[in-house]
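Overview (structure and organization)
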Amino acid sequence: MKVSHIEHIGIAVKDLKTAIPYYESILGLKCYNIEEVIDQKVRTAFFMVGQTKIELLEPMNEESTIAKFIENKGEGVHHLAFCVDNISESLGEVESKGVRLIDKEPRQGAEGLQIAFLHPKSTQGVLTELCMNPKDKE
Ligand code: ZN
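Predicted model only: the values in this text are computed from it and were never measured. (Residues numbered from 1 in each chain as written. Predicted model: local features only at pLDDT ≥ 70, side-chain atom pairs only at ≥ 80, totals over all residues. Heavy atoms only, no water.)

Bringing the packing of aromatic side chains into the picture now. The tally for this structure, following the rule as stated, stands at three aromatic pairs. Look at Y22 and Y23: their rings are 4.9 Å apart centre to centre, the planes differ by 80°, and that puts the pair in the edge-to-face class. Look at Y22 and you get partly exposed, because its relative accessible area is 41%. Under the relative-accessibility criterion, Y23 is labelled buried at 11%. Grouping aromatic residues by their ring pairs yields a cluster made of Y22, Y23 and F47. (Phe/Tyr/Trp six-rings, centres within 6.5 Å; stacked < 30°, edge-to-face > 60°. Buried < 20%, exposed > 50% of the residue type's maximum accessible area, 1.4 Å probe, protein only.)

Written out as structure tokens, the structure reads:
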């Protein structure tokens, strides 16, 4: 597996309206995209920091895993996403090394990325996402 960089850091927030002004007014970053990921029931907001993004995740309803996360742990860092050059191969590789997968197959994430999660039980408690931008392949 080849990891090129941290693609993004996912942060669970109760309310984008409250969270975005912190990143914009205090940190001076610019929110360049807000996108709903319907199958994960989250509304996302993105900021670029060098080649890494901050991905704010607001639950769209109670069933969202983000709503459950906030209920259990409160707002805060939710996951770390590593950019890999071949997500299908990477998933096969980590699984063969005994890492538990949440997603056996890559699925569609925000911003056109192919994404898959590794189970935090296998990653010292850090919910880990592998992702690949199919556009980088063209
Ligand atoms: Zn993510």
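After that view, the rundown keeps rolling.
A few words now on the nonpolar core. Counting residues in each nonpolar core, the largest one holds 12 residues, listed as I11, V13, L16, A19, I20, Y23, L29, C31, A45, F47, I54 and L56. Among the secondary structure elements, those contributing two or more residues to this core are α1 (16-26), β3 (42-49) and β4 (52-59). Sort the elements by how many residues they give to this core and α1 lands first, with four residues. Non-local contacts of Y23, meaning those with residues more than four positions away in its chain, are made with I11, G28, L29, F47, I54 and L56. Listed in part, the 10 residues of the second largest apolar core include V84, V94, A116 and M132. (Core = buried A, V, L, I, M, F, W, Y, C linked by side-chain atoms within 4.5 Å. Helix = DSSP H or I, 4+ residues; strand = E, 2+ residues; numbered from the N terminus. Contact = heavy atoms within 4.5 Å.)

We now examine the coordination of the zinc ion. Every protein donor of the zinc ion is listed here as H8 (NE2), E55 (OE), H79 (NE2) and E129 (OE), and their distances to the metal cover 2.0 to 2.5 Å. What the four donor atoms of the zinc ion show is an angle range of 84 to 169° at the metal, which sorts the shape as irregular. Written as a sequence motif, the donor arrangement for the zinc ion is H-x46-E-x23-H-x49-E. Of the two residues, H8 is situated in strand β1 (residues 3-12) and E129 in strand β8 (residues 128-132); the sequence distance between them amounts to 121 residues. What makes E129 buried here is its relative accessible area of 3%. (Donors = N, O, S within 2.8 Å, 3.2 Å for Na, K, Ca; no water. Tetrahedral: all angles 85-135°; square planar, octahedral: opposite > 155°, others 65-115°.)

It is worth spelling out the side chain of T52 at this point. As for its position among the elements, T52 is in strand β4. Residue T52 is classed as buried on the basis of its relative accessible area, which comes to 19%. Here I6 takes part through its backbone oxygen, which lies 2.8 Å from a polar atom of the side chain of T52. Leave out the neighbours within four places in its chain, and T52 touches I6, E7, H8 and F47. (Polar contact = N/O pair within 3.5 Å; in protein donor to acceptor, adjacent residues only side chain to side chain.)

Every buried residue of helix α2 (residues 65-73) is accounted for by I66, A67, F69 and I70. Projected onto a plane normal to the axis of α2, the buried residues spread over an arc of 160° and lie on a single side. Those residues of α2 that are exposed and aimed more than 90 degrees away from the buried face are T65, E71 and N72. Those residues of α2 that are buried lie in contact with β1, β3, β4 and β5 (76-84). Two or three places before I66, at the opening of α2, S64 has a side-chain oxygen 3.1 Å from that residue's backbone nitrogen. (Arc of directions from axis to C-beta.)

It is worth spelling out the domain arrangement of the protein at this point. Taken as a whole, the protein is organised into domain 1 (8-74) and domain 2 (84-138). Here the C-alpha centroids of domain 1 and domain 2 sit 20 Å apart. In this assembly, domain 1 packs against domain 2 so that about 640 Å² is buried in total across both faces, 41% of it on carbon and sulfur atoms. Among the residues of domain 1 in contact with domain 2, H8, E35 and Q40 are the three that bury the most area, contributing 54% of the side total. Remark: the boundary between domain 1 and domain 2 carries one salt bridge. Among the ionic pairs, E111 bridges to K53, the shortest N-O distance being 2.8 Å. Remark: the boundary between domain 1 and domain 2 carries five residue pairs in polar contact (both at pLDDT 80 or more). If you list the elements that add at least two residues to the side of domain 1 that touches domain 2, you get β2 (31-37), β3 and β4. Examining the composition of the side of domain 1 that touches domain 2, we find that four residues originate from one element, β2, more than from any other. Across the side of domain 1 that touches domain 2, the residue classes break down as three nonpolar, four polar and four charged. (Domains from an automatic or database assignment. Buried area = accessible area lost by both parts, 1.4 Å probe. Salt bridge = Lys/Arg side-chain N within 4 Å of Asp/Glu carboxyl O. Nonpolar A, V, L, I, M, F, W, Y, C, P; charged D, E, K, R; others polar.)

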